[in-house]
Amino acid sequence: MIIFPTEVEFFGVNPEKNMPFFNEVIDYLYEEEKESTGGRKYSIRGDNSYHSKDILCKLDFDWSRMLAGLIWQSSSNYFMKYHGRPMPSLESCNITCWGMIMRTGGSSAVHCHPHSNVSGVLWIKVPPELKSPEGDFVFIDPRPRALLDKNALFLEKHSIFPKTGSGIVFPSWMDHYVEPHHCEGERISIAWNVDFF
Amino acid sequence: MELFATHVHTVELKDTETLFDDIIAHVKNERDTNPNENRHMYSLNGEDSYHSRDNLVNLDYEWSKMLRSLVYKISSDFAEYEGTPIPKYEDVDINCWCMVMGRGSFSMSHSHPGAEYSGVFWLQTPENMPGNQGNFVFQDPRMGARYSIHKPEGTAIKPIPSNGIVFWSWMEHFVQPHYCEGERISVSWNINF
């Protein structure tokens, strides 16, 4: 008998077809970074990394509305599949969404997304030379007592290698982090939280 | 994709009637000779309850030796499945005890620290015990899930005589009270090495 599994769902968009969309998001992030005087970095690490404001889904651009639709749809599919009921409509959900630019040496410390229901990430740019485990998105075993097993030296992990155009949806309480990458190039991802009651 | 699931081994025991009768007779005799002890031992609660000593597999009776073999075998099957085999029969410590739960008795949330594998099988349950009473309930070991607004309920297992489970000792669990006439009797154990 298997009990208490944690559900994570993959989704994807065609990276070639969506490249113009991705580029618009990336251009916006570069512009915001250029004008930024600093802000909260949350989990992001690296002296040349950038964590955008979390308003990417609330801007008056077509790409922002597209992004909101994509996030709502993928999160809604997840919620229906694993909770057996529909998520509230796009208008009734509060979606916070931000971009993370990780350059050589950049990473993300262990964190979760408190006070949200469903979270996710979509990778929109990955360095061509990136090789796992560098840049991996890593979930940590959410069962702290599993460490009491005498064979367990560390909590188990599950790593996901980022690919442009692919993404995952997961419960917001799941601890995760991003491995640093040491090759040239930027690893850019869009992350989000969906809140509703 | 499902990650970090927790495995529980379920077993259905065969030809255990005599063994169960011997265990119950021993435990009731132990209770009768200690009428004021062990009502609230460890997690057990209830005026009409009894927690035996934990030496049931170390006694000089045939049924005790059979019980030790049975407990070792089903624990070993689970350990093999989990990829962490346990040492040979002679090299493991097994603590094994019986819980007698009369009307209103229950077991508080607990785990079995210091052990590797634990298990329980049920010898007897009150007739017509409702589905929401007397169940063995695992609590979600994922702290984040437990405190989310979509928190899953615990996983309840209905006690059926001759059925049993083996699980990681760190898994928190409790037993719901029952309000029926009759006794819910189970044997539990810890394996350590």
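Our structure's up above, just so we're on the same page.
As the structure is a prediction and not an experimental result, all values here were calculated from the model.

K.L.:
What am I meant to see in the sheet that holds strand S4 (residues 44-45) of chain A here?
P.N.:
Within a sheet, each strand pairs with its neighbour through backbone hydrogen bonds, oriented either parallel or antiparallel. All names here are of chain A. Strand order in the open sheet formed by 5 strands is S4-S7-S12-S9-S10, and the pairing between neighbours is antiparallel. Single-partner strands in this sheet number two, and they are S4 and strand S10 (157-160). Sheet topology places strand S9 (residues 137-140) next to S10; 4 bridges connect them, and they run antiparallel. Its bridge partner lying in S10, Phe 137 is registered against Ile 160.

K.L.:
Please explain the packing of helix H1 (residues 19-35) of chain A against helix H2 (residues 62-83) of chain A as it appears in this structure.
P.N.:
In a pair of packed helices, the angle between the axes and the distance between the axes together describe the arrangement. Residues and elements named next belong to chain A. Contact pair H1 / H2: the axes reach a minimum separation of 10 Å and the direction vectors enclose 115 degrees. Classed by the angle they form, the pair H1 and H2 counts as roughly perpendicular. Considering how the two elements wind past one another, H1 and H2 form a crossing that is left-handed. Counting all contacts with H1, which are made through Phe 21, Glu 24, Val 25 and Tyr 28, the residues of H2 involved are Trp 63, Met 66, Leu 67 and Leu 70. Of the residues in the contact of H1 with H2, the class split is 7 nonpolar, no polar and 1 charged.

K.L.:
Even after reading the chapter, I still don't get the packing of aromatic side chains, so can you show me in this structure?
P.N.:
Between two aromatic rings, the relevant description is the distance of the centres plus the angle of the planes. Following the criterion strictly, the structure yields 22 aromatic pairs over all chains and no others. Centre to centre, the rings of A:Phe137 and A:Phe139 are 5.0 Å apart; their planes meet at 75 degrees, and the pair counts as edge-to-face. You'll find A:Phe137 and A:Phe139 in the same group, each marked buried. Ring geometry for B:Phe136 versus B:Phe138: centroids 5.0 Å apart, planes at 75 degrees, classification edge-to-face. The class for B:Phe138 is buried, based on a relative accessible area of 0%. Through a chain of ring-to-ring contacts, the aromatic side chains of A:Trp123, A:Phe137, A:Phe139 and A:Phe170 assemble into a single cluster. Directly above the ring of B:Tyr89 sits B:Arg68, whose terminal nitrogen or CZ lies 4.8 Å from the centroid.

K.L.:
Explain the sheet that holds strand S5 (residues 49-51) of chain B here, please?
P.N.:
All names here are of chain B. Sheet architecture is open: 6 strands sit in the order S3-S11-S8-S13-S6-S5, paired in antiparallel fashion. Edge positions in the sheet fall to strand S3 (9-12) and S5, since each of these pairs with one other strand and no more. Recorded for the sheet is a direction-independent mean angle of 15 degrees between the axes of neighbouring strands. Where S5 meets strand S6 (residues 93-101), 3 bridges bridge the pair, whose relative direction is antiparallel. Bridged to His 51 within S6 is Met 99. In the packing of helix H1 (residues 17-33) onto the sheet, the strands contacted are S5, S6, strand S8 (117-124) and strand S13 (184-192), and the crossing angle to S8 comes to about 95 degrees. Of the strands in this sheet, S3, S6, S8, strand S11 (163-168) and S13 touch helix H2 (residues 62-82), which is tilted by about 60 degrees from S13.

Parameters and conventions
Residues numbered from 1 in each chain as written. Chains lettered and ligands numbered in written order. Predicted model: local features only at pLDDT ≥ 70, side-chain atom pairs only at ≥ 80, totals over all residues. Heavy atoms only, no water. Pairing = 2+ DSSP bridges. Helix = DSSP H or I, 4+ residues; strand = E, 2+ residues; numbered from the N terminus. Axes fitted to C-alpha atoms, helices over the stretch in contact; angles between N-to-C directions. Parallel < 35°, antiparallel > 145°, perpendicular 65-115°, else oblique. Left-handed = near helix turned anticlockwise from the far one by under 90°. Contact = heavy atoms within 4.5 Å. Nonpolar A, V, L, I, M, F, W, Y, C, P; charged D, E, K, R; others polar. Phe/Tyr/Trp six-rings, centres within 6.5 Å; stacked < 30°, edge-to-face > 60°. Buried < 20%, exposed > 50% of the residue type's maximum accessible area, 1.4 Å probe, protein only. Lys NZ or Arg CZ within 6 Å of the ring centre and 35° of its normal.

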